[in-house]
Amino acid sequence: MTSMRVVRWWDSLPRATRVVVVVLPVLLAAFAAWAFNEVIGQDHHQFDLRLYYDAINFWTSGHDLYAYSQPDPVNIELGFTYPPVGALLMTPMALLPYPAVLVLSMVGIVAAGAAFVYLVLRERVRLPKPLMLAAVGVVTAFAFTLEPFRQTLSFGQINIYLVLLVAVDLLVLGRRGSRWTGVGIGLATAIKLTPGIFILYLLVVGRWRAALTAIGTVIAANLVSLVIAPAETWKYFTALMWETSRVGFLDTTMNQSINGLLARIDSPLAPARLPWLILAALVVVVGFWRARRAALAGDELAAMTLAGLVGVLVSPVSWVHHIIWIFPTMLIIAMQLRRAIGELAADTSGYRSSDGVLLRRIAQVVGYSMLMTTGLAVWCIPTASLMDVKDWEYERGGVVLAFAGSVQLLWLLIALAVLPLEKAAGAGPVARAPRSPGEPITGSTPVTAVDTGSVPAAARANRVVLPAPTSGAEPRS
């Protein structure tokens, strides 16, 4: 194995210094994220968590779960909108006082966010375990400066748990060829319908057993809810699941789906259904075509991310806190930008304007830099703050204002089209081919599989590989 300087440097440090190297960056990053959110973020006062808590207590005291509602400053009033499976899983909240539920929720969201960051990060980075722990801590702090993560914590939302179930399914169980692959996707779909897009993804990439397992899990979970809560289950699936108005007004900037853009254009009227169906079908075709390419190349992270973006874009309602998939999107783009900069810096072909390779490398660096810069702007700052426009002003704002309030949606569409799929990540540790002295670790050198299973070699070429040290022996290639 090559590029062992970091490992040897780590081995040479005293134990106390190692602790500082791991802990200090995480603490500084957490403080910086907290300070940034205090200045930029909006406090939603755990609105959704409070709704869950009160609705569950209302239900367990003998009332109709879906009859509960509470006032909302934007949507007038909101009630419980999830399938009964979600309500059943939340029933333990009724046994605890709200302050305890609040603490458990905030700790759970941060922990689930860190677990998701770890699963995503290890698809592109290999580090010694302590340094990986530090990297996960720092990157998790960054993730919670992004609007979807920040709003999830501020609302007390459950979306981070759903994406974690999907990630465990595809990046852990799927990697191992487990017969249980699909259970996480099925359970997430039973809790909230939108993760069902990943069942379609499994079918598109030809993972029939996992798709059937996911479908079976959805059916089994809802049969359980039918036995325990027959009235609520029947009511939800025969009537309530089709009433999109129950989740709030569709034309607010919080709704960054294609349907949300159409709602802003048509406001105050309901959005036209035919344009939405046409645009959604186009997004599904393009997105799943690219996801299938990534999956067949072994780049499960890019494939999963593309499927997640498709789900966000085509859903009738995609509040900003639903769009957790923005994190792996930005990570993939950042890694590709890093690689493109390294290739451009190493280019020795000269500066002839006719050099197509050089121009392509310059275009990649410029393009990915612009995408990252605009991404940081639109995903770290609330859209309403960016545009300085109140949601109710779209009614007389026209098409231009409707698109201005959809900058996050437009960014997602561009990312769906250009998310890099070449030289992607695969499963298992890899060893690099020997490199010349002084060569930077760019992730672009060829790799040799050590324990890769069935993942194609071409799909493992963009990892940063720093193997964990072995005690008592010099690492060998």
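Our subject is the structure that appears above.
Residues numbered from 1 in each chain as written. Predicted model: local features only at pLDDT ≥ 70, side-chain atom pairs only at ≥ 80, totals over all residues. Heavy atoms only, no water.

Student: How should the overall build of the protein be read in this particular structure?
Tutor: The secondary structure content of the protein amounts to 20 helices and four strands. Across the 477 residues of the protein, 50% fall into the buried class. Across the protein, the fraction of contacts at a sequence separation of at least 24, relative to all contacts at a separation of at least 6, is 73%. Accessible area for the protein stands at about 21,900 Å²; split by element, carbon and sulfur atoms hold 69% of it. (Helix = DSSP H or I, 4+ residues; strand = E, 2+ residues; numbered from the N terminus. Buried < 20%, exposed > 50% of the residue type's maximum accessible area, 1.4 Å probe, protein only. Contact = heavy atoms within 4.5 Å. Areas by Shrake-Rupley, 256 points an atom, 1.4 Å probe, with all protein chains shown as cover.)

Student: Would you mind going over helix H8 (residues 159–176) with me for this structure?
Tutor: Since the α-helix advances by 3.6 residues per turn, residues separated by three or four positions end up pointing in the same direction. Taking 1.5 Å per residue as the helical rise, H8 with its 18 residues ought to reach 26 Å, and the 25 Å between its terminal C-alpha atoms agrees with that figure. Maximum bend of H8: about 30°, positioned at Asp169. If you check which residues of H8 are buried, you get Asn159, Ile160, Leu162, Val163, Leu164, Val166, Ala167, Asp169, Leu170, Leu171 and Val172. Just past H8, the residue Gly177 takes up positive phi, approximately 65°. (Expected span 1.5 Å × (residues − 1). Bend = angle between axes of the 7 residues up to and from the residue.)

Student: Could you clarify how one ought to interpret the packing of helix H14 (residues 273–296) against helix H20 (residues 407–418) in this entry?
Tutor: Each packed pair of helices is defined by two parameters, the angle between the axes and the distance between the axes. One can describe the packing of H14 onto H20 by two numbers: an axis separation of 9 Å at closest approach and a directional angle of 40°. As far as their axial angle goes, H20 and H14 are oblique. Here H14 contributes Val283, Gly287 and Arg290 to the contact with H20, which in turn contributes Leu413, Ala415, Leu416, Ala417 and Val418. Counted by class, the contact of H14 with H20 contains six nonpolar, one polar and one charged residues. (Axes fitted to C-alpha atoms, helices over the stretch in contact; angles between N-to-C directions. Parallel < 35°, antiparallel > 145°, perpendicular 65-115°, else oblique. Nonpolar A, V, L, I, M, F, W, Y, C, P; charged D, E, K, R; others polar.)

Student: How should the pattern of salt bridges be read in this particular structure?
Tutor: When the charged atoms of two side chains with opposite charge come close together, those side chains can pair. This model, assessed by the stated rule, comprises seven salt bridges. Arg207 is paired through a salt bridge with Glu300; the nearest N and O atoms lie 2.6 Å apart. Taken as a pair, Arg207 in the loop between helix H10 (197–204) and helix H11 (208–228) and Glu300 in helix H15 (residues 300–314) lie far apart in primary sequence, 93 residues in all. (Salt bridge = Lys/Arg side-chain N within 4 Å of Asp/Glu carboxyl O.)

Student: How should I be thinking about empty space enclosed by the protein in this particular structure?
Tutor: By rolling a water-sized probe across the atoms, one finds the places where empty space is left. Taken as a whole, this structure holds three cavities of 30 Å³ or more when the rule is applied. Contributing to the lining of the largest cavity are 16 residues, with Thr194, Pro195, Val312, His322 and Trp325 lying nearest its centre. If you list the elements that add at least two residues to the lining of the largest cavity, you get H8, H10 and H15. Of the residues forming the lining of the largest cavity, the biggest block, four residues, is contributed by H8. (1 Å grid on protein atoms, 1.4 Å probe; cavity = no way out; pocket = protein on both sides within 12 Å on 5 of 7 lines; lining within 4 Å. Points joined across faces, edges and corners; volume = space filled by probe spheres on them.)

Student: Quick question: what am I supposed to make of the packing of aromatic side chains here?
Tutor: Centre-to-centre distance and the angle between the planes together describe a pair of aromatic rings. Per the counting criterion, the structure on display carries 15 aromatic pairs. Residues Phe31 and Trp34 carry aromatic rings whose centres are separated by 5.9 Å and whose planes lie at 35° to one another, so their mutual orientation is tilted. One end of the pair, Phe31, and the other, Trp34, are both in helix H2 (residues 15–40), three residues apart, so they sit about a helical turn from each other. The exposure class assigned to Phe31 is exposed, which follows from its relative accessible area of 54%. Ring centres 5.8 Å apart and planes at 80° place the aromatic pair Phe116 and Trp325 in the edge-to-face group. In this pair, Phe116 sits in helix H5 (residues 98–121) while Trp325 sits in the loop between H15 and helix H16 (326–345), placing the two residues 209 residues apart along the sequence. Given the relative accessible area of 4%, Trp325 is considered buried. Members of the aromatic cluster, connected to one another through ring pairs, are Tyr52, Tyr66, Phe80, Tyr82, Tyr236 and Phe237. (Phe/Tyr/Trp six-rings, centres within 6.5 Å; stacked < 30°, edge-to-face > 60°.)

Student: What is the right way to look at the nonpolar core in this model?
Tutor: As a rule of thumb, soluble globular proteins bury nonpolar side chains together. Phe80, Phe116, Phe198, Tyr201 and Trp411 are the most contacted members of the largest nonpolar core, which totals 120 residues. Broken down by element, this core gets its largest block of residues, 11 residues, from H15. With residues up to four places along the chain from it excluded, the contact list for Trp411 reads Ile326, Thr329, Met330, Ile333, Leu371, Thr374, Gly375, Val378 and Trp379. Counting residues in hydrophobic clusters, the runner-up holds five residues, among them Trp10, Leu13, Val22 and Leu131. (Core = buried A, V, L, I, M, F, W, Y, C linked by side-chain atoms within 4.5 Å.)

Student: Please clarify how a nonpolar patch on the surface should be interpreted in this entry.
Tutor: On the surface, a cluster of nonpolar side chains totalling about 460 Å² of accessible area is made up of Leu212, Ile215, Ile219, Leu223 and Leu226. The residue Ile215 is located in helix H11 in this model. (Patch = residues over 30% accessible without salt bridge, like charges linked within 9 Å, V, L, I, M, F, W, Y side chains within 5 Å.)

Student: Honestly, the environment of Leu28 in this entry has me stumped. Any pointers?
Tutor: Note that Leu28 resides in helix H2. On the basis of relative accessibility, which here comes to 53%, the residue Leu28 falls in the exposed class. With 110 residues separating them in the primary sequence, Leu28 and Val138 have C-alpha atoms 8.3 Å apart.

Student: Sorry if this is basic, but what is going on with the side chain of Glu123 here?
Tutor: By the secondary structure assignment, Glu123 is in the loop between H5 and helix H6 (129–143). Overall, Glu123 belongs to the buried group, its relative accessible area being 2%. Only 2.4 Å separates the side chain of Glu123 from the side chain of Arg175, close enough to count as a polar contact. (Polar contact = N/O pair within 3.5 Å; in protein donor to acceptor, adjacent residues only side chain to side chain.)

Student: Even after reading the chapter, I still don't get the packing of helix H13 (residues 258–266) against H14, so can you show me in this structure?
Tutor: Close contact between H13 and H14 brings their axes to 10 Å; oriented N to C, the two are set at 150°. On the basis of the axis angle, H13 is roughly antiparallel to H14. Read as a crossing pair, H13 and H14 show a hand that is right-handed. Along its contact with H13, which presents Ile258, Asn259 and Leu262, the element H14 presents Pro275, Trp276, Leu279, Ala280 and Val283. (Left-handed = near helix turned anticlockwise from the far one by under 90°.)

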